[in-house]
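One letter stands for each residue in the lines below.
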Amino acid sequence: MSSPNKRRLNFLLIVADDLGFSDVGCFGSEIRTPNLDKLASSGIRMTDFHTAAACSPTRAMLLSGTDNHIAGVGVMSEQKGGEFEERILDYVDETLTPLWDVPGHEGYLNLRVAALPEVLQDNGYHTLLSGKWHLGLKPAYIPDKRGFDRSFALLPGCSNHYGWEPQFGEGMIKHFERIPPLYTEDGNLYIGVRKANTNNDPEGFYSSNFYVDNLVKYLSERPTDKPFFAFLPFAAPHWPLQVNKAYRDRYKGVYDDGPEILRLRRLARLKELGLIAQDVIPHEVVAPPETEWSAFTDQERKLSARAMETFAGMVEKMDENIGKILNYLEEIGEADNTFIIFQSDNGAEGASYEARPTMGDSVLDVVNRFYDNSLENIGEYNSFVWYGPRWAQAATAPSRLYKMYSTEGGIKVPMIINYPPWTKERGGEVVNAFATVMDIMPTILDLAGVQHPGKTFRGREVEEMRGKSWVKFFENNNHIEDTTTAIHLEDDPAVGWELFGRAALRKGNWKIVYMTPWSYGKGDWELFDLSKDPGETKDLSGEEPQKLKELLELWEIYVKKNGVVWGSPLSEVEVKVPGLERKDVIGGDPLEDTRAWMPHRGHCKD
């Protein structure tokens, strides 16, 4: 155990769910986020911070300091078991050996890693979690077993934000039979919240409100002779898009021009804020030649804009609650002694991934049976909508694609640091240095004066961290010319990504990307120079064969070192949209995916 100091540093780690790069005000959004803007104005924004392409792999990297293929989420739990895995078995080989039954692909945060809260707990910290877990559903893998002294957690990847889960009643839809209780508090499991909020009661359950109020409660009950590590992973703004109409209606009419116009506005604002270069070439929107907006009927456009209004209201509501926890730290005199991070867990969500194919048509069965997605009802407890790939690409511009892809749009996210010793003299500064979510654990341990246990922890063998501490970079007040490699230097290992058979690797400014033709790739490796082409618009593999060869050799080292299994991508169903030869969404036709929740597709009528 580290030696006790008079006043050891606290940590508050805030994670938004499926928030795009430009979805908050200080990163170019029209959405009102005054508390995050204030945090950034006295802190530092990082513009080249990277996660995994999806939520649970990111969380595994965040809490282990290592690659998701080592930490247990080389494959998401949603891909293991059921009809989807059977299709994989038929596809792989004649012996039907499960493709992902190998270490690092368990679908939960495994015991090969010493989790950040475990290490801090063993070194005198009081550890708290309030929010989304998504790192293990069974009792052996829930937060109280992985180092949290107090925890209230949503266990799976998403839920109704008002706690209304009608599919768990009589006649339960088949898919949900394999899902265990949704919530846990300090090891006790619950199918749902104690009382669903079906009347917009301000005192009733709403995810963002409850997670923050609960964390404030935990902090008020903490032992004051210990420093704290508080983890606040919101479920917002992940679909279903739900928020009180008072927040939704603040954005009435803002999105009536559609996602293409929003994308242009966001790009202009990003340039104005100095967050992207004035001459940046944004990647073209990857979607059918005839856009959703032009293909939609007038009523469908109204419904789609209303979904985006609801998304905006969710982000504003989340920001309001972030203000609540920041104000509480001020009230108890801990604000200046707390290292605060805000980030998203991946790029904006462009498709209803959890709906299809891993859940087949089950989500749509639930929508059709229980929910009312009429125009005026969108955002209520009994509505269930998402917003689609073009709205997502408004938020990820100038980058390519969105969540579930290892392109920049799927893995580059907003990051704010606020820690007075680092940021007091640099408030509002923008740092362009490349960094990853694996760096957070080594940074926190470094600041806490805690050593990683190395290869043995709590009687088991564990892997060492792959991330790199930011302490030297920020405490040396680095302003070196090559900011891309200021944290991760030339002699550091390359950083790789792989999920759903979509792969990437980065070394310095150079990045290679692999995607299948039906998944917006060319079925071979592409090469990009991100210093000149952050939008990944110009494939240099033909012009720079030696550089491509160099990175491919590094890729093979990455695969071997991290135990990466090249899984089959989720679906090879062709999209039947005229002029579109590549998939826009995971699981089907991009227009149909966006329309799927709309009333004329379900039981409810406008």
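Residues numbered from 1 in each chain as written. Predicted model: local features only at pLDDT ≥ 70, side-chain atom pairs only at ≥ 80, totals over all residues. Heavy atoms only, no water.

As recorded by an unreviewed UniProt entry, the protein chain carries the name Alkaline-phosphatase-like protein and is attributed to Lentinula detonsa. Taken from UniProt, the Sequence similarities (unreviewed entry) comment for the protein chain reads in full: "Belongs to the sulfatase family." (UniProt positions renumbered as here; feature names shortened; annotations may be inferred.)

## Considerations on the overall build of the protein chain
Along the backbone of the protein chain there are 18 helices and 17 strands. Long-range contacts, defined here as pairs at least 24 residues apart, represent 77% of the contacts in the protein chain between residues at least 6 apart. Carbon and sulfur atoms make up 49% of the accessible area of the protein chain, which totals about 22,400 Å². (Helix = DSSP H or I, 4+ residues; strand = E, 2+ residues; numbered from the N terminus. Contact = heavy atoms within 4.5 Å. Areas by Shrake-Rupley, 256 points an atom, 1.4 Å probe, with all protein chains shown as cover.)

## Notes on the nonpolar core
Core analysis: the largest hydrophobic core is formed by 166 residues, its most contacted members being Leu12, Met46, Phe229, Phe342 and Trp470. At 14 residues, the largest contribution of residues to this core is made by helix 10 (residues 298-331). Setting aside residues up to four positions removed in sequence, Leu12 forms contacts with Leu215, Ala230, Leu232, Ile325, Leu326, Leu329, Thr338, Phe339, Ile340 and Ile341. Ala503, Trp510, Ile512 and Leu551 belong to the second-largest nonpolar core, a separate cluster that totals 15 residues. (Core = buried A, V, L, I, M, F, W, Y, C linked by side-chain atoms within 4.5 Å. Buried < 20%, exposed > 50% of the residue type's maximum accessible area, 1.4 Å probe, protein only.)

## Remarks on the pairing of strand 15 (residues 502-507)
Summarising burial for strand 15: 6 of the 6 residues are buried, a large majority. Side chains Arg502, Ala504 and Arg506 of strand 15 all project onto a buried face; the interleaved residues Ala503, Leu505 and Lys507 project onto the opposite face, where all are buried too. The pairing of strand 14 (residues 495-499) with strand 15 spans 5 bridges and is classified as antiparallel. Paired with Val495 across the strands is Arg506, a residue of strand 15. Linking strand 14 to strand 15, which pair antiparallel, is a turn of 2 residues; within it Phe500 sits at a positive phi near 60°. In this sheet, strand 16 (residues 510-514) lies alongside strand 15 in antiparallel orientation, the contact comprising 5 bridges. Note that in strand 16 the partner of Ala503 across the bridge is Tyr514. Adjacent in sequence and paired antiparallel, strand 15 and strand 16 are bridged by 2 residues, among which Gly508 carries a positive phi angle near 65°. (Pairing = 2+ DSSP bridges.)

## Some thoughts on the packing of helix 6 (residues 207-220) against helix 10
Closest axis-to-axis distance for the helix 6/helix 10 pair is 9 Å, and the angle between their directions is 10°. It follows that helix 6 is roughly parallel to helix 10 by the angle criterion. Packed against helix 6, whose contacting residues are Ser208, Asn209, Val212, Asp213, Leu215, Val216, Leu219 and Ser220, the element helix 10 presents Lys317, Met318, Asn321, Lys324, Ile325 and Tyr328 at the interface. (Axes fitted to C-alpha atoms, helices over the stretch in contact; angles between N-to-C directions. Parallel < 35°, antiparallel > 145°, perpendicular 65-115°, else oblique.)

## Let's talk about the environment of Gln278
Position of Gln278 relative to the elements: it lies in the loop between helix 8 (259-272) and helix 9 (292-295). Residues Gln278 and Ala268, spaced 10 residues apart in sequence, show a C-alpha to C-alpha distance of 8.8 Å. If near-sequence neighbours (up to four positions away) are discounted, Gln278 is found in contact with Lys271 and Glu272. A polar side-chain atom of Gln278 sits 3.0 Å from the main-chain carbonyl oxygen of Lys271. (Polar contact = N/O pair within 3.5 Å; in protein donor to acceptor, adjacent residues only side chain to side chain.)

## Quick notes on the pattern of salt bridges
Applying the stated rule across the entire model yields 43 salt bridges. In this structure, Glu300 engages Arg595 in a salt bridge whose closest nitrogen and oxygen atoms are separated by 3.1 Å. Of this pair, Glu300 sits in helix 10 while Arg595 is found in helix 18 (residues 590-595), placing the two residues 295 residues apart along the sequence. Overall, the relative accessible area of 6% leaves Glu300 in the buried class. We classify Arg595 as buried; its relative accessible area is 16%. (Salt bridge = Lys/Arg side-chain N within 4 Å of Asp/Glu carboxyl O.)

## A closer look at the packing of helix 1 (residues 34-41) against helix 10
Packing of helix 1 against helix 10 brings their axes to within 7 Å, and their N-to-C directions diverge by 55°. As judged from the angle between their axes, helix 1 and helix 10 are oblique. Residues Pro34, Asn35, Leu36 and Leu39 of helix 1 form the contact with helix 10, whose own contacting residues are Asp319, Glu320, Ile322, Gly323 and Leu326. A class-by-class count of the residues in the contact of helix 1 with helix 10 yields 5 nonpolar, 2 polar and 2 charged. (Nonpolar A, V, L, I, M, F, W, Y, C, P; charged D, E, K, R; others polar.)

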